[in-house]
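Inside the fold
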Amino acid sequence: MKDIHEFFRAEDEYADLDIEAAAIRLSKAIQCRTVNTSEPRTMDLR
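Now for a description of the structure that goes with this document.

Scoring rules and cut-offs
- Residues numbered from 1 in each chain as written.
- Predicted model: local features only at pLDDT ≥ 70, side-chain atom pairs only at ≥ 80, totals over all residues.
- Heavy atoms only, no water.
- Helix = DSSP H or I, 4+ residues; strand = E, 2+ residues; numbered from the N terminus.
- Buried < 20%, exposed > 50% of the residue type's maximum accessible area, 1.4 Å probe, protein only.
- Phe/Tyr/Trp six-rings, centres within 6.5 Å; stacked < 30°, edge-to-face > 60°.
- Lys NZ or Arg CZ within 6 Å of the ring centre and 35° of its normal.
- Salt bridge = Lys/Arg side-chain N within 4 Å of Asp/Glu carboxyl O.

Let us look at the overall build of the protein. If you tally the helices and strands in the protein, you get one helix and zero strands. Residues counted as buried form 0% of the 46 residues belonging to the protein.

For the structure on display, the rule yields zero aromatic pairs. Above the plane of the ring of F7 lies K2, whose end atom (NZ or CZ) is 5.4 Å from the centre.

Bringing the pattern of salt bridges into the picture now. A side chain of one charge can pair with a side chain of the opposite charge if their charged atoms are brought near each other. Tallied over the full model, the rule gives one salt bridge. With a shortest N-O distance of 3.0 Å, E6 and R9 are connected by a salt bridge. Exposure remark for E6: the relative accessible area of 32% places this residue in the partly exposed category. R9 sits in the exposed class, given a relative accessible area of 64%.

Structure representation (structure tokens):
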């Protein structure tokens, strides 16, 4: 099993990364429709 700290080894290599702006862009990129099966009339069945 890989040591957990191995995943954070390069964490400091991106000191100039605008984390807040990246999170906003990522959240826009992964927006998708969700299905609420408790309300069948609201489902988009196209």
